[in-house]
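# Architecture at a glance
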Amino acid sequence: MILLDEPFASTPLLEWAAETSHPVLANSFSLKLQAIREEQGAPLLHVVEDEEAIARINGGERVYTNGENALAWILEHCNNPGLTDAISLFKDKAAMRVKLQDLNPELFYQVYKRDELAAVDPLSLPLPVVLKPSVGFCSMGVYVIQGEADWREALDSLAREEDAWHERYPESVVGSEDYIVESYIGGVEYALDMYYDEAGSPHILNVLRHDFASAEDTSDRLYITNAAIVQEMLPRFQSWLEAVNQVVGARNFPIHVEVRVDGSTIAPIEFNPLRFAGLGGTDVAYYGVGLRTYASYLEDQPVEVEALYQKTPTHTYSMSLLNPSKGADLSAPFDYEGLESCFEHPLALVPFEADKVGFWGFLFLETEGVRGQEERDFILHTDLTDFELPQGA
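Along each chain, the written sequence defines residue order, and numbers are assigned to residues from 1. Predicted model: local features are reported for residues with pLDDT of at least 70 only, side-chain atom pairs are reported and counted for 80 or more only, and whole-chain, interface and lining totals are derived from all residues. Side-chain numbers here rest on the full set of heavy atoms in the structure, without hydrogens or water.

### Quick look at the sheet that holds strand β11 (residues 222–226)
What the eight strands build is an open sheet, ordered β13-β12-β9-β10-β11-β14-β16-β15; its pairing is antiparallel. This sheet does not close on itself; its edge strands, each paired only once, are β13 (265–273) and β15 (346–351). If you compare each strand with its neighbour and ignore which way they point, the axes differ by 25° on average. Two elements, strand β10 (residues 202–211) and β11, share three bridges in a ladder whose sense is antiparallel. Its bridge partner lying in β11, R209 is registered against I224. By definition in these notes, contact holds between two residues if any of their heavy atoms fall within 4.5 Å. Whenever a helix is involved, its axis is fitted only over the stretch in contact; in every case the axis is a line through C-alpha atoms, and angles between N-to-C directions fall within 0 to 180 degrees. Helix numbers and strand numbers start at the N terminus; a helix is a DSSP run of H or I with at least 4 residues, a strand a run of E with at least 2. Lying over the sheet, helix α8 (residues 227–248) contacts β9 (188–196), β10, β11, β12 (253–262) and β13, oriented at roughly 120° with respect to β10. At least two bridges found by DSSP between two strands are what make those strands a pair.

### Description of helix α2 (residues 28–40)
Residue pairs three or four apart in sequence face the same way in an α-helix, which turns once every 3.6 residues. A helix's residues, less one, multiplied by 1.5 Å, set its expected span. Across its 13 residues, α2 extends 19 Å between first and last C-alpha, which sits within 8% of the 18 Å expected from 1.5 Å per residue. In the core, the buried residues of α2 are packed alongside α1 (11–20), β2 (23–25) and β3 (46–48).

### Quick word on the packing of aromatic side chains
Aromatic rings considered in pairs are described by the distance between their centres and by the relative angle of their planes. Whether two aromatic rings pair depends on their centres lying within 6.5 Å, for rings of Phe, Tyr and Trp, where Trp uses its six-membered ring; planes under 30 degrees apart make the pair stacked, over 60 edge-to-face, and the rest tilted. Applying the stated criterion across every chain, the model contains 18 aromatic pairs. Centroid distance Y287 to F364: 4.9 Å. Interplanar angle 45°. Geometry classified as tilted. With Y287 in helix α9 (residues 284–289) and F364 in strand β16 (residues 361–367), the pair connects residues that are 77 residues apart, well separated along the chain. Y287 sits in the partly exposed class, given a relative accessible area of 24%. The rings of F8, Y286, Y287, F352, F362 and F364 are connected pair by pair, giving a single aromatic cluster. For the exposure calls, accessible area comes from a 1.4 Å probe over protein chains only, and a residue counts as buried if that area is under 20% of its type's maximum, exposed if over 50%, partly exposed in between.

### Digging into the pairing of strand β6 (residues 129–133)
Among the five residues in β6, five count as buried, and that is most of the element. Residue alternation in β6 divides its side chains into two sets, V129, L131 and P133 and V130 and K132, and both sets are buried. In the sheet, β6 pairs with strand β7 (residues 143–145) via three bridges, with the strands oriented antiparallel. Among the inter-strand pairings, V130 is bridged to a residue of β7, identified as V144. Two elements, β6 and strand β8 (residues 178–183), share five bridges in a ladder whose sense is antiparallel. From the neighbouring strand, K132 faces β8, where its bridge partner is I180.

### What about the side chain of N80?
Positionally, N80 belongs in the loop between α4 (71–77) and α5 (81–91). In protein, a polar contact requires one atom able to donate a hydrogen and another able to accept it; more generally it is a pair of N or O atoms within 3.5 Å, and residues adjacent in sequence count only if both atoms are side-chain atoms. Within the structure, the side chain of N80 is placed 2.8 Å from the backbone oxygen of I57, a separation counted as a polar contact. In this view, N80 contacts I57, N58 and G60; residues no more than four positions away in its chain are not counted.

### Overview of α1
Residues of α1 that are buried: P12, L13, L14, W16, A17 and A18. Positive phi appears at S21, one or two residues downstream of α1, with a value of about 55°.

### Points about empty space enclosed by the protein
Buriedness of a pocket was judged along seven lines, with at least five required to meet protein on both sides within 12 Å; pockets are open sets of points on a 1 Å grid over the protein atoms alone, cavities are sets where a 1.4 Å probe fits but cannot get out, and lining residues have an atom within 4 Å of a point. Grid points are joined across faces, edges and corners, and a volume is the space filled by probe spheres set on the points. Taken as a whole, this structure holds four cavities of 30 Å³ or more when the rule is applied. Taken as a whole, the second largest cavity spans an internal volume of roughly 80 Å³. In terms of lining residues, the second largest cavity is bounded by F8, A9, S10, L13, Y64, N66, A277, L279, G280, T282, D283 and Y294. Residues are sorted three ways: Asp, Glu, Lys and Arg are charged, Ala, Val, Leu, Ile, Met, Phe, Trp, Tyr, Cys and Pro are nonpolar, and all the rest, Gly among them, are polar. Each residue belonging to the lining of the second largest cavity can be placed in one class, and the counts come to seven nonpolar, four polar and one charged.

### Some points on the sheet that holds β8
Within a sheet, each strand pairs with its neighbour through backbone hydrogen bonds, oriented either parallel or antiparallel. One open sheet accounts for four strands, arranged β5-β8-β6-β7; its pairing is antiparallel. Sheet topology places β5 (109–113) and β7 at the edges, where each strand pairs with a single neighbour. On average, adjacent strands in this sheet sit at an angle of 25° to one another, irrespective of strand direction. Pairing of β5 with β8 involves five bridges; the strand directions are antiparallel. Looking across to β8, one finds that V111 is bridged to I180.

### As for unusual backbone geometry
Residue E6 is joined to P7 through a cis peptide bond whose omega torsion reads 10°. Relative to the helices and strands, P7 is located in the loop between β1 (2–3) and α1. One non-glycine residue, L279, lies in the positive phi region at around 60°. Considering the arrangement of structural elements, one finds L279 in the loop between β13 and α9. On the basis of relative accessibility, which here comes to 4%, the residue L279 falls in the buried class. You will see that L384, though not glycine, has its phi angle at about 70°, which is positive.

Now the structure itself:
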């Protein structure tokens, strides 16, 4: 069962769903996509009404969403405690910290109400720390706090930005009531697309290293994967995810997991339920090595991920969420062709309706060698102002 919802569904996912006639919930978004496909003469989605979708989900059929806007519908309509309880737990970062505290007892975390943040003395915290919403999406509201000035700047930014987040995404995706302050973990950040099967065993489909432009950067600008990353990290993450599920007990459940690795420590950042990398980001595996992650999960077809990447051992595959520069006019045009021309082997450049999504789009690249490193450095550090065009251009 697939639930599609605003603001975006990727073309590879829609093509696969149509070709396989996998059931898709009939809602305003999927019906809008259906009308577009009909107009284009493309294969149609197999849409099903609420009653059938609820029966499928309550009967234990595997569920996948393109993004977290769909979670509220499941929680409101379905009576499948194994599914709905897992959604609620994984989506709540504070609850997950409590659940997994024995795995990382040395890590500090504290939960505050939104209206309590102004009264917090940042110097009383074990700096550096990270401030973030207990329920969030795409690094919205995430700040690294090194001192008093960072704390004040973070609260000012929240006051400016949070209304816009709630205009684009429902409360189930960007809840604003609770905020977490937790230890800042150094080392390397990774994102994993994985699922727990019927027996609760983890299956990892994407191992993505999240690179940053600086210690203060919290954007989703660059994720990379290649044979070396997969070979080194997949077995370690497999063992850690097994330990997580000994506590959580999820079954038939896909998750986009974000972690930090520092020496022997694997520290969870967040668990995003019933989806893989958001806004179609999981398609880096499809564009890179031909793996449809959602198909592997929904059709219960485990894959040898290491073997897939060993076929192209010198290639690195990356996805870049094109976040706008500060103050950019998201209703203005963007020079997608100009950006794409900067790279030797672009795999796909996916435009968004930026004023609805909050980002210009996704860029997927295949890179290799010195030229590849230069291209990744460029996309990581550019603020994209050279490609943000004025109104009427």
